[in-house]
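Letter by letter, the chains look like this.
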Amino acid sequence: MPRSVNSVAKRARRKKLMKQAKGFFGRRKNVWTVAKNAVEKAMSYAYRDRKAKKRNFRALWIMRINAGARQEGMSYSQFMGKVKASGIELNRKVLADLAMNHPEAFKAILNKVK
């Protein structure tokens, strides 16, 4: 029986990976083995950092809310405790946006929870 190879699928697979390596520097963009390793590493970083991005944004929102609350003489933890107790259902993303871009609205919320 003759040897059967599937070069069409093999070429497509390699072409797909080389397309993902487009823009990489040096041999990482055009040498198969180097590009394969580089793309694999890049994909693992991308997966990891999609999770880390959520943590980073939450930390940023907390910093912004804390800065806004401290201008009015209240700590972040006190402010968030009073927000939850008063039944205001604004999340950290919205509160941070108010603290940054609409300080008068943030101050109104702060005065309501005091």
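An account of the accompanying structure is given in this report. (Residues numbered from 1 in each chain as written. Predicted model: local features only at pLDDT ≥ 70, side-chain atom pairs only at ≥ 80, totals over all residues. Heavy atoms only, no water.)

## Topic: the packing of helix α2 (residues 32-71) against helix α4 (residues 92-101)
Okay, so step 1: Here α2 crosses α4 at 45 degrees, and the two axes come no closer than 8 Å. It follows from the interaxial angle that α2 and α4 lie oblique. The chirality of how α2 crosses α4 is left-handed. Of α4, the residues touching α2 (which contributes R58, W61, I62, R64 and I65) are R92, K93, L95, A96, A99 and M100.
Okay, so step 2: Taken together, the residues of the contact of α2 with α4 break down into seven nonpolar, no polar and four charged. (Axes fitted to C-alpha atoms, helices over the stretch in contact; angles between N-to-C directions. Helix = DSSP H or I, 4+ residues; strand = E, 2+ residues; numbered from the N terminus. Parallel < 35°, antiparallel > 145°, perpendicular 65-115°, else oblique. Left-handed = near helix turned anticlockwise from the far one by under 90°. Contact = heavy atoms within 4.5 Å. Nonpolar A, V, L, I, M, F, W, Y, C, P; charged D, E, K, R; others polar.)

## Description of the packing of α2 against helix α3 (residues 76-85)
Okay, so step 1: Closest axis-to-axis distance for the α2/α3 pair is 9 Å, and the angle between their directions is 95 degrees. For the element pair α2 / α3, the angle class is roughly perpendicular. Of α3, the residues touching α2 (which contributes I62, I65, N66 and A69) are Y76, F79 and M80.
Okay, so step 2: Class assignment of the residues belonging to the contact of α2 with α3 gives a composition of six nonpolar, one polar and no charged.

Honestly, that's just the spatial picture; any functional story needs more than this.
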